Amino acid sequence: MALEHALLVALSERPASGLELTHRFEKSLGFFWHATHQQIYRVLARMEADGWVTVEVVEQEGRPDKRVHTPSAEGRRVLAEWLATPMPMEAFRSEVAVKLRGASYGDRATLTRNLHDLRADHATRLAHYATFERDQFPDPSGLDEARLDQWLVLRGGLRMEQFWIDWITDYLQAHEVSRRAALAPQPPRE
């Protein structure tokens, strides 16, 4: 997926300026697709040049004019075409997985501390997602199609964060049991 596709989805949900898109990436979209504000502005300019978005200049009092982007007919066509392409199976590419596999060849104590921190970060994000779900989607049964899609992606995020927490916990617990067994006094051999 290119950033262009993520921006077309975001702009289809609600037309926005580059600054507004940056804030939306910081608050929700960024949990699923990371982009800096420089990348967003650069890609928006390219999308405008390619005819994928139209721009409405909105005058603001005491501030520079705001450029509000909306998907054009061509942008909607590109998005629909991209949405219709088959989805590749996601590879499980994870630096964490490689570090866990290689832990025996390095400083396990430092890795363990890092894993505790990482698990706490995932717990924080899980709590953020749960709050967002509670506040934004109190009754999912009454959602229109677009809001239902947003809620279902959020549910995927909740499950992904829970996966990370569970996996890291399993790893830490297994090594704690192993460490304790290694430290336990052994019965004398006969």
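Not measured: the values here are computed from a predicted model.

Novice: Could you clarify how one ought to interpret the UniProt feature "domain: Transcription regulator PadR C-terminal" (unreviewed entry) in the protein in this entry?
Specialist: UniProt feature "domain: Transcription regulator PadR C-terminal" (unreviewed entry): in the numbering of this structure it lies at residues 93-174. End C-alpha atoms of residues 93-174 are separated by 23 Å, and the span's content is 82% helix alongside 0% strand.

Novice: Looking at this structure, I do not really get the layout of surface pockets. What am I missing?
Specialist: Rolling a probe over the atoms, with the probe sized like a water molecule, indicates the empty space that remains. Taken as a whole, the second largest pocket spans an internal volume of roughly 270 Å³. Looking at the second largest pocket, it is lined by 15 residues, and the ones nearest its centre are Ser17, Gly18, Leu19, Tyr41 and Lys66. Of all the elements in the fold, those that place two or more residues in the lining of the second largest pocket are α2 (18-27), α3 (37-49) and β2 (63-71). In terms of residue class, the lining of the second largest pocket is built from 4 nonpolar, 5 polar and 6 charged.

Novice: In this structure, what is going on with the domain arrangement of the protein? I would like to understand it.
Specialist: In many analyses, interface size is given as the accessible surface area lost on bringing the parts together. The assigned domain composition of the protein is domain 1 (3-84) and domain 2 (95-183). Counting residues at the interface gives 4 residues for domain 1 and 7 residues for domain 2. Summed over both sides, the interface between domain 1 and domain 2 buries roughly 480 Å², with carbon and sulfur atoms accounting for 67% of that surface. The tally of links from domain 1 across to domain 2 stands at 1 residue pair in polar contact (both at pLDDT 80 or more). Its residues assigned to classes, the side of domain 1 that touches domain 2 shows 2 nonpolar, no polar and 2 charged.

What counts as what
- Residues numbered from 1 in each chain as written.
- Predicted model: local features only at pLDDT ≥ 70, side-chain atom pairs only at ≥ 80, totals over all residues.
- Heavy atoms only, no water.
- UniProt positions renumbered as here; feature names shortened; annotations may be inferred.
- Helix = DSSP H or I, 4+ residues; strand = E, 2+ residues; numbered from the N terminus.
- 1 Å grid on protein atoms, 1.4 Å probe; cavity = no way out; pocket = protein on both sides within 12 Å on 5 of 7 lines; lining within 4 Å.
- Points joined across faces, edges and corners; volume = space filled by probe spheres on them.
- Nonpolar A, V, L, I, M, F, W, Y, C, P; charged D, E, K, R; others polar.
- Domains from an automatic or database assignment.
- Contact = heavy atoms within 4.5 Å.
- Buried area = accessible area lost by both parts, 1.4 Å probe.
- Polar contact = N/O pair within 3.5 Å; in protein donor to acceptor, adjacent residues only side chain to side chain.

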